[in-house]
Amino acid sequence: MDNSEKKNCRRCGVEVDTSLINCPLCGAHVNDETAPSDCAYPQIQDKSKKESFWKWSVFISLLAMGICIVVDLAVNKTLSWAIHVMFGIALPWLCVARPLLLKHNVRKILSWVFFGIIALLFYLNGWINVFKEPWAFWLGAPVTVLVWQTVLEILCLAHKKCRADYEMSLTKLAVLSLICIGISFAWLKTCTWGWYVCAGRGVIDVVALAVFANKSYLGELKRRLHV
């Protein structure tokens with residue numbers, strides 16, 4: 001269709017075919033500007049049931065956290081058990097509810113969920129023994145990363161349209177595992193099998209992507225690195 005056979009709607013501005021009588025979006029007449037429209041421009045509701053649900057949920061969560069803080073301070077003169085309640089409320093909001101509210105894609109939602117799991121493990125480790133034995137770092141986090149890598153590999157094969165994003169996520173996890181090996185030696189003076197397995201698997205993923213999807217993968221990698 002030539003550009004001359006299309007025009008912008010006088011009401012909503014969308015590009016429409018001049019052969020149409022009415023704009024498919026707002027119902028305004030395409031050619032006769034003086035003719036009345038067949039239907040009114042769709043009105044957008046300011047508040048929907050979904051938005052009201054989220055707002056009330058946020059309000060109730062903040063109210064519960066505030067009550068816990070006041071009660072804890074009144075009874076114990078310090079924040080003790082209220083910290084656990086605040087963390088328990090805030091973590092699902094940040095890692096699950098927030099990505100869903102912002103309509104993130106599957107990859108981003110999963111990323112927030114796995115970050116939340118790792119944060120929960122570190123919180124429990126700090127609460128139980130104040131990191132005297134950092135099991136969250138040398139066991140919990142590597143196992144979580146291994147599961148994360150498995151999920152990304154499955155989604156990479158299943159979702160062809162988003163394959164580049166999953167490939168980059170796998171690459172980031174490989175780099176993260178290598179960084180954690182360095183942190184392990186700097187912090188614990190040694191490294192456990194968990195991070196070695198994560199790093200080895202990450203390297204295998206990167207090599208496999210470079211071999212079997214070399215053009216698309218390397219091209220996307222160069223684009224992300226601005227090379």
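**A look at the packing of helix 5 (residues 163-188) against helix 7 (residues 214-225)**
Consideration 1: Here helix 5 crosses helix 7 at 70°, and the two axes come no closer than 10 Å. By the angle between their axes, helix 5 is roughly perpendicular relative to helix 7. Across the interface between the two elements, Ala164, Asp165, Glu167, Met168 and Thr171 of helix 5 pack against Tyr217, Glu220, Leu221 and Arg224 of helix 7.
Consideration 2: Here the residues of the contact of helix 5 with helix 7 are counted per class, giving four nonpolar, one polar and four charged.

**Digging into the environment of Leu188**
Consideration 1: One can find Leu188 in helix 5.
Consideration 2: For Leu188 and Leu176, which are 12 residues apart along the polypeptide, the C-alpha to C-alpha distance reads 17 Å.
Consideration 3: Setting aside chain neighbours within four positions, we find Leu188 in contact with Pro134, Phe137, Trp138 and Ile183.

**As for helix 5**
Consideration 1: Between its first and last C-alpha, helix 5 extends 36 Å over 26 residues, near the 38 Å set by a 1.5 Å rise per residue.
Consideration 2: Within the sequence span of helix 5, burial applies to Tyr166, Glu167, Met168, Ser169, Leu170, Thr171, Leu173, Ala174, Ser177, Cys180, Ile181 and Ser184.
Consideration 3: Packed against the buried residues of helix 5 are helix 3 (106-129), helix 4 (135-158), helix 6 (193-212) and helix 7.
Consideration 4: Once helix 5 finishes, Lys189 follows within two positions and takes phi at roughly 65°, a positive value.

**Notes on unusual backbone geometry**
Consideration 1: Within the chain, Phe131 stands out as a residue other than glycine whose phi angle is a positive 60°.
Consideration 2: We note that Lys189 has phi near 65°; this positive angle belongs to a residue other than glycine.
Consideration 3: For Lys189, a relative accessible area of 66% corresponds to the exposed category.

**Topic: the pattern of salt bridges**
Consideration 1: Scanning the model with the defined rule gives four salt bridges in all.
Consideration 2: Arg224 is paired through a salt bridge with Asp165; the nearest N and O atoms lie 2.9 Å apart. Residue Arg224 is found in helix 7, and its partner Asp165 is found in helix 5; the two are separated by 59 residues along the sequence.
Consideration 3: According to the relative accessible area criterion, Arg224 is partly exposed, its value standing at 31%.
Consideration 4: Exposure remark for Asp165: the relative accessible area of 24% places this residue in the partly exposed category.

**Side note on helix 2 (residues 81-101)**
Consideration 1: In this model, helix 2 (21 residues) spans 29 Å end to end at C-alpha, consistent with the 30 Å of a helix rising 1.5 Å per residue.
Consideration 2: Largest kink in helix 2: about 40°, centred on Trp93.
Consideration 3: Considered for burial, the residues of helix 2 that qualify are Ala82, Met86, Leu91, Cys95, Ala97 and Pro99.
Consideration 4: Looking at the buried positions of helix 2, the neighbouring elements they touch are helix 1 (49-76) and helix 3.
Consideration 5: Looking one or two residues beyond helix 2, the residue adopting positive phi is Lys103, at roughly 60°.

**Looking at the packing of aromatic side chains**
Both the distance between ring centres and the angle between the ring planes are used here to describe each pair of aromatic rings.
Consideration 1: The full count for this structure, using the stated rule, is seven aromatic pairs.
Consideration 2: With centroids separated by 5.3 Å and ring planes inclined at 10°, the aromatic side chains of Phe114 and Trp148 adopt a geometry described as stacked. Taken together, the residues span a long stretch of sequence, with Phe114 in helix 3 and Trp148 in helix 4 at a distance of 34 residues.
Consideration 3: Judged by relative accessible area, Phe114 falls into the buried class, the value being 8%.
Consideration 4: Among the residues examined, Trp148 registers a relative accessible area of 5% and is labelled buried.
Consideration 5: Pairwise contacts between aromatic rings join Phe114, Phe115 and Trp148 into one cluster.

Criteria and thresholds
- Residues numbered from 1 in each chain as written.
- Predicted model: local features only at pLDDT ≥ 70, side-chain atom pairs only at ≥ 80, totals over all residues.
- Heavy atoms only, no water.
- Axes fitted to C-alpha atoms, helices over the stretch in contact; angles between N-to-C directions.
- Helix = DSSP H or I, 4+ residues; strand = E, 2+ residues; numbered from the N terminus.
- Parallel < 35°, antiparallel > 145°, perpendicular 65-115°, else oblique.
- Contact = heavy atoms within 4.5 Å.
- Nonpolar A, V, L, I, M, F, W, Y, C, P; charged D, E, K, R; others polar.
- Expected span 1.5 Å × (residues − 1).
- Buried < 20%, exposed > 50% of the residue type's maximum accessible area, 1.4 Å probe, protein only.
- Salt bridge = Lys/Arg side-chain N within 4 Å of Asp/Glu carboxyl O.
- Bend = angle between axes of the 7 residues up to and from the residue.
- Phe/Tyr/Trp six-rings, centres within 6.5 Å; stacked < 30°, edge-to-face > 60°.

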